[in-house]
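If you want the building blocks of each chain, they are given just below.
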Amino acid sequence: MSLSLILPRWYDLHAHFRQDDLIAPLVQAHLSMGCCGILAMPNTSPPVAKIFDTDSLPYTSLESYRRQLQDAANGLLETIIVPLYLTAQTTPQMIAAGAHTGLLKACKYYPPHGTTGAMHGAPLELFIQNGVLRAMEEHNVILCVHGEAHDLAAEKYFDEKTNAEDLFYREMLPPVLDAFPRLKIVAEHITTRTAAEFVARGPDTLAASITPQHLLYTVGHLLKGLRYHLYCLPLPKFSDDRAALQEAVLDKSNQKFFAGTDSAPHAQKTTDCGCAAGCFTGGIAPQLYAQAFEEAGCNLEDPAQQKIFAAFLCENGPTFYGLPVAQKTFQLRKEPQNIHTLKIGSHEIVPLPLGMRADMNAQRATLPWQVHL
Ligand code: DOR
Ligand code: ZN
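Keep in mind it's a predicted model, so treat the numbers as computed, not measured.

So, on to the environment of Ser 45. Take Ser 45: it is sitting in the loop between strand S3 (35-40) and strand S4 (48-50). Given a relative accessible area of 54%, Ser 45 falls into the exposed group. On a C-alpha basis, the gap between Ser 45 and Leu 342 in space is 22 Å, while along the polypeptide they are 297 residues apart.

Below is the structure:
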């Protein structure tokens, strides 16, 4: 008999579902992996940067994007949170109005031009000064941060001792914690020892999501053979950084670190002048997280260690967001699963493990775990 884990359905508290015809199949991929709730990123085009359909700003409304996701899920997702994309046009009044209707639960800080779809972001100081973070704190709206300093010289952007994420957690986030002690903050998709330790030592208002790719891989995996399907932002870092993430999720008292895949489909990863950032893990994330826990030394046959895995995947995230741990369950079974590209119309999206396979002529990749609903 193969090992089987029965787990509460889980929440992906950071994923990209894009727009138009891509939404429905991407949401279905999430449903197929036992997901009961999502936090759907607002970096669409135009971004989800106003609350109501009737607002005059030239952006997608949170109201309409949520409706599109709900329609795609056909009532099967219990929770859909869409964080409002913070732009120079975001006002404290928008935060208050959104929170009063119950539509607005979170906002997303993107470093200007720092990643895919981040060209509408504004510097963090602006939101400290213009009352937006104050309004969020007052109305219990959670701040989700893409924690990287922007506008850096290339030398400072990625170095063993200093990189954009280190600088963000060393210099940019501490003043926000000091100024807004009741503001809940999620350090999203963290990749460094600096960030992991900053979050672990921080107040209860601070938590972090971690992706499967940052638990599994290092920058060496990205560079050896230039595996561009692993190219995502923040970049995978060094072994010691990965070890810090692994320690954080394997800690038996972990309540602060949780699943957020950052699954980010790109039909075309390579472009004329570079590479689109994002790893697609829709449909396979619990399998990858289980694999990552095992590779980090967790014995998933041991009930006590299964609990640590369940806390990370199914409990800590919803608890931080004030959501119930799911009653319904799903099964993770230790049996090999073949995976293929996801075809959506003329688009072909390559799931991360397929992009990492050793034999590039192979049409499929194999995972050690399967999901059963
Ligand atoms: O790798 C990434 N891809 N990081 C992000 O911050 C955005 C995402 C995307 O939208 O593709
Ligand atoms: Zn993302």
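What follows continues from the structure just given.
Taking strand neighbours across the sheet as the criterion, the three strands line up as S2-S3-S6 in an open arrangement whose pairing is parallel. One side of each edge strand has no neighbouring strand; the edge strands of this open sheet are strand S2 (10-15) and strand S6 (79-81). Between one strand axis and the next, the sheet turns through 15 degrees on average, direction left out of account. Taken together, the three bridges between S3 and S6 define a ladder with parallel strand orientation.

Next up on the list: the coordination of the zinc ion (ligand 2). Only His 14 (NE2), His 16 (NE2) and Asp 262 (OD) from the protein coordinate the zinc ion (ligand 2), and they sit 2.0 to 2.1 Å from it. Look at where the donors of the zinc ion (ligand 2) fall in the sequence and you get H-x1-H-x245-D. Remark: Asp 262 occurs in the loop between strand S12 (257-259) and strand S13 (270-271) and His 14 occurs in strand S2; sequence separation between them is 248 residues. With respect to burial, His 14 and Asp 262 carry one shared label: buried.

On to the site of ligand 1, then. Near ligand 1 lie 13 residues; those nearest to it are Arg 18, Asn 43, Thr 115, Leu 233 and His 266. Note that an oxygen atom of ligand 1 is positioned 3.3 Å from one of the side-chain N or O atoms of His 16. Take Leu 233: an N or O atom from its main chain is 2.8 Å from a nitrogen atom of ligand 1. About the coverage of ligand 1: the protein hides 99% of its 290 Å² of free accessible area. In a pocket analysis with a 2 Å cut-off to the grid points, ligand 1 is assigned to the largest cavity. Each residue belonging to the shell around ligand 1 can be placed in one class, and the counts come to four nonpolar, seven polar and two charged.

Now for helix H13 (residues 303-320). For H13, built from 18 residues, the straight-helix expectation of 26 Å at 1.5 Å per residue is met to within 8% by its first-to-last C-alpha distance of 24 Å. The sharpest bend along H13 reaches about 50 degrees and sits at Ala 311. Residues of H13 that are buried: Ile 308, Phe 309, Ala 310, Ala 311, Phe 312, Leu 313, Cys 314, Asn 316, Gly 317, Pro 318 and Phe 320. With a side-chain oxygen positioned 2.9 Å from the backbone nitrogen of Ala 304, the residue opening H13 is Asp 302.

One pass over the structure, following the stated rule, counts eight salt bridges. Note that Asp 240 and Arg 193 form a salt bridge whose closest N and O atoms lie 2.8 Å from each other. Of this pair, Asp 240 sits in helix H11 (residues 239-250) while Arg 193 sits in helix H8 (residues 193-201), and the two are 47 residues apart along the sequence. With relative accessibility at 44%, the residue Asp 240 sits in the partly exposed group. What emerges from the salt-bridge pattern is a single network uniting Arg 193, Glu 197, Arg 201, Asp 240 and Glu 247.

Thresholds applied
Residues numbered from 1 in each chain as written. Chains lettered and ligands numbered in written order. Predicted model: local features only at pLDDT ≥ 70, side-chain atom pairs only at ≥ 80, totals over all residues. Heavy atoms only, no water. Helix = DSSP H or I, 4+ residues; strand = E, 2+ residues; numbered from the N terminus. Buried < 20%, exposed > 50% of the residue type's maximum accessible area, 1.4 Å probe, protein only. Pairing = 2+ DSSP bridges. Axes fitted to C-alpha atoms, helices over the stretch in contact; angles between N-to-C directions. Donors = N, O, S within 2.8 Å, 3.2 Å for Na, K, Ca; no water. Near = heavy atom within 4 Å. Polar contact = N/O pair within 3.5 Å; in protein donor to acceptor, adjacent residues only side chain to side chain. Areas by Shrake-Rupley, 256 points an atom, 1.4 Å probe, with all protein chains shown as cover. 1 Å grid on protein atoms, 1.4 Å probe; cavity = no way out; pocket = protein on both sides within 12 Å on 5 of 7 lines; lining within 4 Å. Sits in = over half its atoms within 2 Å of the grid points. Nonpolar A, V, L, I, M, F, W, Y, C, P; charged D, E, K, R; others polar. Expected span 1.5 Å × (residues − 1). Bend = angle between axes of the 7 residues up to and from the residue. Salt bridge = Lys/Arg side-chain N within 4 Å of Asp/Glu carboxyl O.

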